[in-house]
Amino acid sequence: MKSFPRRPLYESFSRLAAVARGDLPATLVIQNARLLNVLSEEILAGMSVAVSQDRIAYVGPDPSPMIGPETLVLDAQGRYLAPGLLDGHCHVESSQITVTQFARALLPRGVTGIFYDAHEIANVLGLKGLRLFLEESRRTPLLAYLQVPSCVPAAGKAWETSGAEMGPSEVAQALSWGDDVIGLGEVMNFPGVVLGDPKMAGEIAATLK
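Draft legend 1. Inspection of the side chain of Ser52 at higher detail. Along the polypeptide, Ser52 turns up in strand E2 (residues 42–52). With a relative accessible area of 4%, Ser52 lands in the buried category. Within the structure, the side chain of Ser52 is placed 3.3 Å from the side chain of Arg15, a separation counted as a polar contact.

Structure representation (structure tokens):
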């Protein structure tokens, strides 16, 4: 299965700027599209998008300085072009399907990225479960950013029996796995934050660090 590595912005910034200036050819140019401008709430005809590797370098009417011999040029023939939607918070496991099947459902409908808190699988398998989800998400074209679950077990040992337990050290370990692990998941135990629970305080400190 193809892997889709996540690269930090600074690695491609110089090339991106050079393509935007027209000094280097774009990897892909999409021409003759009707662009949905989500800021001005307009549909702009005759627009083009130039892409350098995996990032947009230019949006406008004339991409000709960015077209080289190796540039893939696609004629949109007046089709609509819109920014991808990002789901700011979701639980993939709640859908009862894997990340791969989740991506197959979302991508054709315009959702290109998710920020997911995988606390259900963490409650069952702990770090192993998080790692399984993360590695699978990296093999899809969906931009999937993991938020490390903060409440494992979800309601505390006095209320439930879970398959795993996570605290500050596990949170710190998961945050070291890559740039697509971006923060702490929803803190359901807000009383623990207010009352200074050592576990919650430790997890927040590990995340801020």
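Draft legend 2. Representation of the packing of helix H5 (residues 168–175) against helix H7 (residues 198–208) in the model. Where H5 contacts H7, the two axes come as close as 8 Å, and the packing angle between them is 20 degrees. One way to sum up the angle between H5 and H7 is to call them roughly parallel. For the pair H5 and H7, the sense of crossing is right-handed. Residues Pro168, Val171, Ala172 and Leu175 of H5 touch H7, and the partners they reach there are Lys199, Gly202, Glu203, Ala206 and Thr207. Among the residues forming the contact of H5 with H7, the class breakdown is five nonpolar, two polar and two charged.

Draft legend 3. The pattern of salt bridges, seen in detail. In this structure the tally under the stated criterion is six salt bridges. We note a salt bridge from Arg139 to Glu135, for which the minimum N-O separation is 3.6 Å. Overall, the relative accessible area of 38% leaves Arg139 in the partly exposed class. Note that Lys199 is salt-bridged to Glu203, the shortest N-O span being 3.0 Å. With Lys199 and Glu203 both in helix H7 and four residues apart, this pair spans about one turn of that helix. Ionic contacts of the salt-bridge type, sharing partners, join the residues Arg131, Glu135, Arg138, Arg139 and Asp180 into one network.

Draft legend 4. Representation of the nonpolar core. Residues Ile114, Tyr116 and Leu130 are the most contacted members of the largest nonpolar core, which totals 27 residues. Those elements that provide at least two residues to this core are helix H2 (99–106), strand E7 (111–117), helix H3 (119–125), helix H4 (127–137), strand E8 (143–148), H5 and strand E9 (181–184). Judged by nonpolar contacts, the second largest core, of eight residues, contains Val19, Ala26, Ala50 and Ala57.

Draft legend 5. Structural detail: the side chain of Arg138. Within the element layout of this structure, Arg138 appears in the loop between H4 and E8. For Arg138, the side chain forms a polar contact with the main-chain oxygen of Trp177, separated by 3.1 Å. Separated by 2.8 Å, the side chains of Arg138 and Asp180 make a polar contact.

Draft legend 6. Molecular detail of the pairing of strand E1 (residues 28–37). Note that E1 and E2 share seven bridges and pair antiparallel. Within the sheet, the bridge partner assigned to Asn37 lies in E2 and is Glu42. Pairing of E1 with strand E4 (residues 72–75) involves four bridges; the strand directions are parallel. Bridge pairing in E4 places Gln31 opposite Asp75. Of the strand pairs in this sheet, E1 and strand E5 (residues 80–81) are connected by two bridges, and their pairing is parallel. By the bridge assignment, Arg34 is partnered in E5 with Tyr80.

Draft legend 7. Local environment of a nonpolar patch on the surface. Together, Leu36, Val38, Leu39, Ile43 and Tyr80 make up an exposed nonpolar region whose accessible area comes to about 570 Å². If you trace the backbone, Leu36 turns up in strand E1.

Draft legend 8. Fine view of the packing of aromatic side chains. Enumeration according to the criterion identifies one aromatic pair in this entry. Plain terms: the ring middles of Phe115 and Tyr145 are 5.3 Å apart, the flat faces sit at 25 degrees to each other, and that makes the pair stacked. Here Tyr145 lies in strand E8 and Phe115 lies in strand E7, a separation of 30 residues in the sequence. Judged by relative accessible area, Tyr145 falls into the partly exposed class, the value being 22%. We note Arg34 situated over the ring of Tyr80; from NZ or CZ to the ring centre the distance is 4.3 Å.

The rules behind the values
Residues numbered from 1 in each chain as written. Predicted model: local features only at pLDDT ≥ 70, side-chain atom pairs only at ≥ 80, totals over all residues. Heavy atoms only, no water. Helix = DSSP H or I, 4+ residues; strand = E, 2+ residues; numbered from the N terminus. Buried < 20%, exposed > 50% of the residue type's maximum accessible area, 1.4 Å probe, protein only. Polar contact = N/O pair within 3.5 Å; in protein donor to acceptor, adjacent residues only side chain to side chain. Axes fitted to C-alpha atoms, helices over the stretch in contact; angles between N-to-C directions. Parallel < 35°, antiparallel > 145°, perpendicular 65-115°, else oblique. Left-handed = near helix turned anticlockwise from the far one by under 90°. Contact = heavy atoms within 4.5 Å. Nonpolar A, V, L, I, M, F, W, Y, C, P; charged D, E, K, R; others polar. Salt bridge = Lys/Arg side-chain N within 4 Å of Asp/Glu carboxyl O. Core = buried A, V, L, I, M, F, W, Y, C linked by side-chain atoms within 4.5 Å. Pairing = 2+ DSSP bridges. Patch = residues over 30% accessible without salt bridge, like charges linked within 9 Å, V, L, I, M, F, W, Y side chains within 5 Å. Areas by Shrake-Rupley, 256 points an atom, 1.4 Å probe, with all protein chains shown as cover. Phe/Tyr/Trp six-rings, centres within 6.5 Å; stacked < 30°, edge-to-face > 60°. Lys NZ or Arg CZ within 6 Å of the ring centre and 35° of its normal.

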